Amino acid sequence: MDKLRLYVLIQNLANGLTQPFMGFLAVASGVPNIGLGLISSANGFFAGVTQLPLRKLSEPVKLLRLSTVTLATLWLLMAFISYSNPILYVITYLFIAAIGGVSSYAWALLLERASRGSRGRVLAEYGFFGSIGGLLATLIAGLVIRGDYSLARYVFLTAALLIMSNFMVLTRLDNVKYDGVDSGNLRQSVKGIERFLGATFLFAVVWSFAWPIFPVAQYYVFNMTTEQVAILSIVGGTSTLILQRPVGSLVDKHRRLMMFLGRFLLVTFPLMYVFSTSVYQLFIMNIVAGFTNSVSNTAYMAYLFDNSRDKKSAITIYNAVYGTGTLVGSLIGSAALTVTELVVGIEEAVKYLLVIDAAARAGAAVAYLKLPEFKPASKGTLTVSARIN
């Protein structure tokens, strides 16, 4: 197997063990709402801002190796020390998200070159391999933990070992020199994509507003177990696996429309927690995640790649804008939940706030219809070569 495909397969295997449960386990561990808001937005915000000082670096494989070792160490810390303490749980996870941002930046540089000429198809292909890695891991983790949350330590330990094995995969790749265009001027780097960044920030705020509310709904309203959280994630992941490639092809043909639909259909998720009367209804409605995830894995980065000259800077700016929006939205959501539950109780607070968020998501999605059509990128001078032993 191509080593880059093997890398994303193992990385998503590790992510599948942990990411679907971090908010739920935070609620079960007694993490306060403000901490839950930070955890919910950590992968967006802290991953995004760590990339800004990295935009001058041009050796993504070296960056992947360093971040991979660091991530493995942090998951070991989570397993043996931080999980028993709500404050350390939050702090450690924030560091994990920050280092994950370094890793995702290096990975994005490699994908930018690999996807030239057919953005949607190639990005969908790597998303396909990533989805395979996560599905089985999520199911196993959910079955292992179930109602005994102390067993999460072994899941974190397994994730650390998997990530360390990925370091061995990376040692078999030659160092890569990314020689793409770098304007050296952040303001110049966003020229032509200002409206896209504005739409991204607006939607990130309203999208992430519900993130700290979802695990609260799972734990307090639907009384879910980690097994059910796993099934919910697997339904979305399987749907994504099925739709990833055909949606990727549609992205290449109807970029702007697909960006709109990918955002607009996200209204499904807050509404399903409001109107569902059982977890089985949640499972069924979560099938929509296949479409929205597939678009998210392809359309927005493809639009960014094809409309920016300085791609390294554009990637970092996009992630910082998106991440800032998710932090703002998650903190507003957690604060709104804290205040509202004091007035009407936790179940009614969840319902009221999710209805408001669904309406806000629908309105914010319209901004993507007003974006200019993408300009197909010409083949440039950037070269990425990887030796497979």
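That block above? That's the structure.
Each chain has its residues counted from 1, running along the sequence as written. Since the coordinates come from a predicted model, pLDDT governs what is reported: local features require at least 70, and pairs of side-chain atoms require 80 or more to be given and counted, while whole-chain, interface and lining totals use all residues. Remark: hydrogens and water are excluded; side-chain values derive from all non-hydrogen atoms of the structure.

Caption draft 1: Quick look at the nonpolar core. Trp75, Tyr89, Phe156, Phe196, Tyr273 and Tyr368 are the most contacted members of the largest nonpolar core, which totals 111 residues. Here this core gets 14 residues from one element, more than from any other, and that element is helix α5 (residues 86-114). It only takes one pair of heavy atoms within 4.5 Å for two residues to be counted as in contact. Leave out the neighbours within four places in its chain, and Tyr368 touches Phe196, Ala199, Thr200, Phe203, Arg256, Met259, Phe260, Arg263 and Tyr300. As used in this record, nonpolar core signifies buried Ala, Val, Leu, Ile, Met, Phe, Trp, Tyr and Cys residues forming a set joined through side-chain atoms within 4.5 Å. Think of it in three bands: residues with accessible area under 20% of the maximum for their type are buried, residues over 50% are exposed, and the middle band is partly exposed, with areas taken using a 1.4 Å probe on protein chains only. Helix and strand assignments come from DSSP, with helices taken as H or I runs of at least 4 residues and strands as E runs of at least 2, each series counted from the N terminus.

Caption draft 2: Geometry of the packing of aromatic side chains. Note on aromatic pairs: the rings of Phe, Tyr and Trp (six-membered ring only in Trp) are paired at centre separations within 6.5 Å, and the planes decide the class, stacked below 30 degrees, edge-to-face beyond 60, tilted for the rest. Scanning the entire structure with this criterion turns up 17 aromatic pairs. An angle of 80° between the planes, with centres 5.0 Å apart, marks the rings of Tyr219 and Tyr220 as edge-to-face. Residue Tyr219 is classed as partly exposed on the basis of its relative accessible area of 24%. Ring geometry for Phe222 and Tyr273: centres 5.9 Å apart, planes at 75°, overall edge-to-face. Here Phe222, found in the loop between α10 (213-221) and α11 (226-253), pairs with Tyr273, found in helix α13 (residues 268-275); they are 51 residues apart in sequence, far enough to count as distant. Residue Phe222 is classed as buried on the basis of its relative accessible area, which comes to 12%. On the basis of relative accessible area, Tyr273 is assigned to the buried category, the value being 5%. By way of ring pairs, the aromatic residues Trp75, Tyr83, Tyr89, Tyr93 and Phe156 are connected into one cluster.

Caption draft 3: Looking closely at helix α9 (residues 194-208). For α9, which comprises 15 residues, the first-to-last C-alpha distance of 21 Å matches the rise-based estimate of 21 Å (1.5 Å per residue) to within 8%. All buried positions along α9 are accounted for by Phe196, Leu197, Ala199, Thr200, Phe203, Ala204, Val205, Val206, Trp207 and Ser208. To estimate how far a helix should reach, multiply one less than its number of residues by 1.5 Å.

Caption draft 4: Quick look at the side chain of Thr92. The residue Thr92 is located in helix α5 in this model. Residue class for Thr92 comes out buried when judged on its relative accessible area of 4%. Here Leu88 takes part through its backbone oxygen, which lies 2.8 Å from a polar atom of the side chain of Thr92. If we skip the residues at most four places from it in the chain, Thr92 touches Leu74, Leu77, Met78 and Ser82. Polar contact is defined as a pair of N or O atoms within 3.5 Å, subject to the rule that within protein one atom must be able to donate a hydrogen and the other to accept it, and that residues adjacent in sequence are counted only when both atoms are side-chain atoms.

Caption draft 5: Geometry of α10. If you check which residues of α10 are buried, you get Ile213, Phe214, Pro215, Val216, Ala217 and Gln218. Backbone geometry just downstream of α10 places Asn223 in the positive-phi region, at approximately 50°.

Caption draft 6: Quick peek at the packing of helix α1 (residues 3-18) against helix α7 (residues 152-170). Here, axes are lines fitted to C-alpha atoms. For helices the fit covers the stretch in contact, and angles between N-to-C directions go from 0 to 180 degrees. Relative to each other, α1 and α7 sit at 170°, their axes nearing to 8 Å. Our classification of the angle between α1 and α7 gives roughly antiparallel. Across the interface between the two elements, Lys3, Leu6, Tyr7, Ile10, Gln11, Leu13, Ala14, Leu17 and Thr18 of α1 pack against Val155, Phe156, Thr158, Ala159, Leu162, Ile163, Ser165, Asn166, Val169 and Leu170 of α7. By the convention adopted, Pro, Cys, Tyr, Trp, Phe, Met, Ile, Leu, Val and Ala count as nonpolar, Lys, Arg, Asp and Glu as charged, and the other residues, Gly among them, as polar. Here the residues of the contact of α1 with α7 are counted per class, giving 13 nonpolar, five polar and one charged. Orientation labels follow simple angle bins: below 35 degrees gives roughly parallel, above 145 gives roughly antiparallel, 65 to 115 gives roughly perpendicular, and whatever is left gives oblique.

Caption draft 7: Main features of the packing of α13 against helix α17 (residues 346-365). Contact geometry of α13 with α17 gives a least axis separation of 8 Å together with a crossing angle of 155°. One way to sum up the angle between α13 and α17 is to call them roughly antiparallel. By crossing handedness, the relation of α13 to α17 is classed as left-handed. Only Lys351, Leu354, Val355, Asp357, Ala358 and Arg361 of α17 make contact with α13, whose side of the interface consists of Phe269, Pro270, Leu271, Tyr273 and Val274. Of the residues belonging to the contact of α13 with α17, the class tally is eight nonpolar, no polar and three charged. For any pair of crossing helices, the crossing counts as left-handed if the nearer helix is rotated counterclockwise from the farther one by less than a right angle, and right-handed if it is rotated clockwise.

Caption draft 8: The arrangement of the pattern of salt bridges in detail. The term salt bridge refers to a pairing of a side-chain nitrogen on Lys or Arg with a carboxyl oxygen on Asp or Glu at a separation within 4 Å. With the rule as written, the count across this model stands at two salt bridges. For Arg361, the salt bridge is made with Asp357, and the minimal N-O distance between the two is 2.7 Å. With a gap of four residues between them, Arg361 and Asp357 both fall in helix α17, about one helical turn apart. Taken as a pair, Arg361 and Asp357 share a single burial class, namely buried.

Caption draft 9: The arrangement of a nonpolar patch on the surface in detail. To count toward a patch, a residue needs a relative accessible area above 30% and no salt bridge. Like charges then connect within 9 Å, nonpolar side chains (Val, Leu, Ile, Met, Phe, Trp, Tyr) within 5 Å. Per-residue accessibility takes into account occlusion by the displayed protein chains alone, with areas from the Shrake-Rupley method and a 1.4 Å probe. A surface patch of nonpolar side chains, amounting to about 740 Å² of accessible area, comprises Leu76, Leu77, Phe80, Ile81, Ile87, Leu88, Ile91 and Phe95. For the nonpolar patch, the secondary-structure elements that each account for two or more residues are α4 (60-80) and α5. Summarising the element assignment, Ile91 is placed in helix α5.

Caption draft 10: Quick look at the environment of Ala204. The residue Ala204 is located in helix α9 in this model. A relative accessible area of 1% means that Ala204 is categorised as buried. Along the sequence, Ala204 and Gly325 sit 121 residues apart, while their C-alpha atoms lie 4.8 Å from each other. Setting aside residues up to four positions removed in sequence, Ala204 forms contacts with Tyr322, Gly325 and Thr326.

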